[in-house]
Amino acid sequence: QVQLVESGGGLVQTGGSLRLSCVASGSIFSINIMGWYRQAPGKQRELVAHITRGGSTNYEESVKGRFTISRDNAENTMYLQMNSLKPEDTAVYYCAATYGSSWLSSRNYWGQGTQVAVSS
């Protein structure tokens, strides 16, 4: 089992920045991918960014150039640096991890979510 604890959400004005953190604990050595999902009211949950064990990253098109995902393996911590925030970035952001080689796996774990609100 993996436990994921997020922090760093909050309220920010348009154009501002936030840095989300996610600390993983438990059976962390089998994690292959970690990432950030978000879900806005009335919308489907979407993958924002992820990073693999080998360090490869992927980003949702709307956040490219604004968000940066990173991982500190020594501290078992993943980060999402969010710059140039827009109102459409407002959502609950979830830390996620999987033992699988993709997100289509039964071994997915989720944090509790942290609210990000961007005022217009």
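The rules behind these values
Residues numbered from 1 in each chain as written. Predicted model: local features only at pLDDT ≥ 70, side-chain atom pairs only at ≥ 80, totals over all residues. Heavy atoms only, no water. Phe/Tyr/Trp six-rings, centres within 6.5 Å; stacked < 30°, edge-to-face > 60°. Helix = DSSP H or I, 4+ residues; strand = E, 2+ residues; numbered from the N terminus. Buried < 20%, exposed > 50% of the residue type's maximum accessible area, 1.4 Å probe, protein only. Lys NZ or Arg CZ within 6 Å of the ring centre and 35° of its normal. Polar contact = N/O pair within 3.5 Å; in protein donor to acceptor, adjacent residues only side chain to side chain. Contact = heavy atoms within 4.5 Å. Disulfide = S-S within 2.5 Å.

S.K.: Just to check I follow, could you spell out the packing of aromatic side chains for this structure?
M.R.: Within a pair of aromatic rings, the relevant descriptors are the distance that separates the centres and the angle that separates the planes. Using the criterion set out here, one finds 4 aromatic pairs in the structure. When the ring of Tyr37 is compared with that of Trp103, the centres are 5.4 Å apart and the planes differ by 85°; the resulting orientation is edge-to-face. Here Trp103 lies in the loop between strand E9 (91-98) and strand E10 (108-110) and Tyr37 lies in strand E4 (residues 33-39), a separation of 66 residues in the sequence. Per residue, the accessibility class of Tyr37 equals that of Trp103, and both read buried. A cation over an aromatic ring shows up here: Arg45 above the ring of Tyr94, its NZ or CZ 3.9 Å from the ring centre.

S.K.: Explain the side chain of Arg66 here, please?
M.R.: Of note, Arg66 is situated in the loop between strand E6 (57-59) and strand E7 (67-72). Take Arg66: its relative accessible area is 10%, and that puts it in the buried class. Looking at Arg66, its side chain comes within polar contact range of the side chain of Asp89, at 2.8 Å. Excluding anything up to four places from it in sequence, Arg66 contacts Gln81, Met82, Asn83, Ser84, Leu85, Lys86 and Asp89.

S.K.: Honestly, the state of the cysteines in this entry has me stumped. Any pointers?
M.R.: Covalent bonding between the sulfur atoms of two cysteines is what defines a disulfide. Evaluated as defined, the whole model comprises 1 disulfide. Between the sulfur atoms of Cys22 and its disulfide mate Cys95 the distance is 1.9 Å. Across the S-S bond linking Cys22 and Cys95, the dihedral sits near -75°, which makes this disulfide left-handed. Remark: Cys95 occurs in strand E9 and Cys22 occurs in strand E3 (residues 18-26); sequence separation between them is 73 residues. As far as the burial class goes, Cys22 and Cys95 line up, both buried.

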